[in-house]
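# Geometric and topological summary
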Amino acid sequence: MIKAKAKLTAKWQITLPAVVRERLGLRVGDTLEFVEEPDGTWRIRRRAGEGPFDRYIGFLQDLAGRDPDEIVREIRGHDPC
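Residues numbered from 1 in each chain as written. Predicted model: local features only at pLDDT ≥ 70, side-chain atom pairs only at ≥ 80, totals over all residues. Heavy atoms only, no water.

This part covers the overall build of the chain. Looking only at helices and strands, one finds 2 helices and 2 strands in the chain. Each helix and strand of the chain, ordered N terminal to C terminal, gives the series α-β-β-α. Against the compact-globule benchmark of 12 Å for 81 residues, the chain has a radius of gyration of 22 Å, which places it well outside the compact range. In terms of its C-alpha atoms, the chain occupies a principal-axis envelope of roughly 70 × 30 × 30 Å. Evaluated residue by residue, the chain yields a buried proportion of 5% over its 81 residues. With an accessible surface of roughly 8100 Å², the chain has 55% of that area assigned to carbon and sulfur atoms. Both charge centroids of the chain, one from 15 positive and one from 14 negative side chains, sit 14 Å from each other. (Helix = DSSP H or I, 4+ residues; strand = E, 2+ residues; numbered from the N terminus. Rg over C-alpha atoms; globule rule 2.2 N^0.38 Å. Buried < 20%, exposed > 50% of the residue type's maximum accessible area, 1.4 Å probe, protein only. Areas by Shrake-Rupley, 256 points an atom, 1.4 Å probe, with all protein chains shown as cover. Lys, Arg positive; Asp, Glu negative; His and termini not counted. Charge placed at Lys NZ, Arg CZ, Asp CG, Glu CD.)

On to the pairing of strand β1 (residues 32-36). For β1 and strand β2 (residues 42-46), the ladder comprises 5 bridges, and the chain directions are antiparallel. From the neighbouring strand, E33 faces β2, where its bridge partner is R45. Hairpin geometry of β1 and β2 is characterised by an intervening segment of 5 residues between the two adjacent antiparallel strands and by a positive phi of about 95 degrees at G40. (Pairing = 2+ DSSP bridges.)

Turning our attention to the confidence of the model for the chain. On average, the chain scores 87 in pLDDT, and the residues at 70 or more come to 93%. At the level of individual helices and strands, the chain shows its lowest average pLDDT in β2, which scores 89, and its highest in β1, which scores 92. (pLDDT = per-residue confidence, 0-100.)

Our focus in this paragraph is the pattern of salt bridges. Counted under the stated rule, the structure contains 5 salt bridges. Taking the shortest distance from any N to any O, the salt bridge between R66 and E70 comes out at 3.2 Å. Under the relative-accessibility criterion, R66 is labelled partly exposed at 29%. Taking the relative accessible area as the measure of exposure, E70 reaches 37% and is therefore partly exposed. (Salt bridge = Lys/Arg side-chain N within 4 Å of Asp/Glu carboxyl O.)

Turning our eyes to something else, we now look at the environment of R47. Mapping R47 onto the fold places it in the loop between β2 and α2 (68-76). Along the backbone, R47 and T31 are 16 residues apart, and their C-alpha atoms lie at a distance of 5.5 Å. Looking at R47, its side chain comes within polar contact range of the side chain of E33, at 3.4 Å. (Polar contact = N/O pair within 3.5 Å; in protein donor to acceptor, adjacent residues only side chain to side chain.)

Here it is in structure tokens:
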């Protein structure tokens, strides 16, 4: 088991020790997640890269269960035919 320490600055920032960066495979620009476990401990993990459509997950949740054709008709307005 590897242990590492980091000191919190006045701006609430830390520098991750090199051993942690290496073990997590971190690169500049990577995103970290802080996960609280049921026992109160915290885990830090590298978040997998986000895809271009990830921000839309759940975007249409309020339309769940509705007929897709009905939704399209609603979006397009009245049928011109």
